[in-house]
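Chain by chain, the residues:
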Amino acid sequence: MSTVTYSVPNISCMHCVHTIQTEVADLQGVKSVKADATTKMVEIVFDAPATEDKIKALLAEINYPVAA
Ligand SMILES: [Cu+2]
């Protein structure tokens, strides 16, 4: 089990938080997703088959790319 925290600058409101939590939680292997509109951070707990690459690709796909 791994926990990652990403900075996602595009998070601006509770709607963004909801979208991210719903979409990322759908990824197989993801255990929990916590997005925060104030800090613009997303904390994700995951296990295989999810990977950081898959999570980052999904976030980019839904328009919430992780900050470089
Ligand atoms: Cu929003």
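Above this text is the structure in question.
Summarised in this report is the structure supplied together with it. (Residues numbered from 1 in each chain as written. Predicted model: local features only at pLDDT ≥ 70, side-chain atom pairs only at ≥ 80, totals over all residues. Heavy atoms only, no water.)

Structural notes on the environment of Ile-44
As a reminder of what qualifies: Secondary structure elements are defined from DSSP: runs of H or I of at least 4 residues count as helices, runs of E of at least 2 residues count as strands, and each element is numbered from the N terminus. Think of it in three bands: with a 1.4 Å probe and only protein chains considered, a residue is buried below 20% of the maximum accessible area for its type, exposed above 50%, and partly exposed in between. Residue contacts follow a heavy-atom distance rule, with two residues in contact if any of their heavy atoms lie within 4.5 Å.
With respect to the helices and strands, the residue Ile-44 is situated in strand E3 (residues 41-46). The class of Ile-44 is buried, set by a relative accessible area of 0%. The residues touching Ile-44, leaving out its near neighbours within four places in the chain, are Ser-2, Thr-3, Val-4, Tyr-6, Val-24, Val-30, Ser-32, Val-33 and Ile-55.

Some remarks on the coordination of the copper ion
Heads up, the condition is: A donor here means any N, O or S atom no more than 2.8 Å from the metal (3.2 Å for Na, K and Ca); water is not included, so a site may seem to lack partners.
Note on the copper ion: its protein donors are Cys-13 (SG) and Cys-16 (SG). The metal-donor distances range over 2.0 to 2.1 Å. Residue Cys-13 is classed as partly exposed on the basis of its relative accessible area of 33%. Overall, the relative accessible area of 5% leaves Cys-16 in the buried class.

So, the pattern of salt bridges
To be explicit about the condition: Salt bridges are defined by distance alone: a side-chain nitrogen of Lys or Arg within 4 Å of a carboxyl oxygen of Asp or Glu.
According to the stated counting rule, one finds one salt bridge in the structure shown. For Lys-34, the salt bridge identified is with Glu-43, shortest N-O distance 3.7 Å.

Overview of the nonpolar core
For the record, the criterion: Think of a nonpolar core as a cluster: buried Ala, Val, Leu, Ile, Met, Phe, Trp, Tyr and Cys residues, connected wherever their side-chain atoms sit within 4.5 Å.
Core analysis: the largest hydrophobic core is formed by 20 residues, its most contacted members being Ile-11, Ile-20, Val-24, Val-42, Ile-44 and Leu-59. Looking at this core, the elements with two or more residues in it are strand E1 (2-7), helix H1 (14-25), strand E2 (30-36), E3 and helix H2 (52-61). Ranked by the residues each element gives to this core, the list is headed by H1, at four residues. Once residues lying within four places of it in the same chain are set aside, the contact partners of Val-42 are Val-4, Thr-5, Tyr-6, Val-8, Ile-11, Ile-20, Val-33, Lys-34 and Ala-35.

Re the sheet that holds E3
Stated precisely, the cut-off is as follows: Between any two strands, at least two bridges found by DSSP are needed for them to pair. To obtain an axis, a line is fitted to C-alpha atoms, over the contacting stretch when the element is a helix, and the angle between two such axes runs from 0 to 180 degrees between their N-to-C directions.
Pairing within the open sheet is antiparallel, and its three strands lie in the order E1-E3-E2. Each edge of the sheet is formed by a strand with only one pairing partner; in this case those strands are E1 and E2. Neighbour to neighbour, the strand axes of the sheet diverge by 15° on average, direction disregarded. Note that E1 and E3 share six bridges and pair antiparallel.

Focus on unusual backbone geometry
A negative phi angle is the norm for most residues apart from glycine, just as the trans form is the norm for most peptide bonds. Cis rather than trans, the peptide bond between Ala-48 and Pro-49 has omega equal to 10°. Tracing the sequence through the fold places Pro-49 in the loop between E3 and H2. Located in the positive-phi region is Lys-40, a residue other than glycine, with phi close to 60°. Its location among the elements puts Lys-40 in the loop between E2 and E3. Looking at Lys-40, the relative accessible area reads 29%, which means it is partly exposed. You will see that Asn-63, though not glycine, has its phi angle at about 75°, which is positive.

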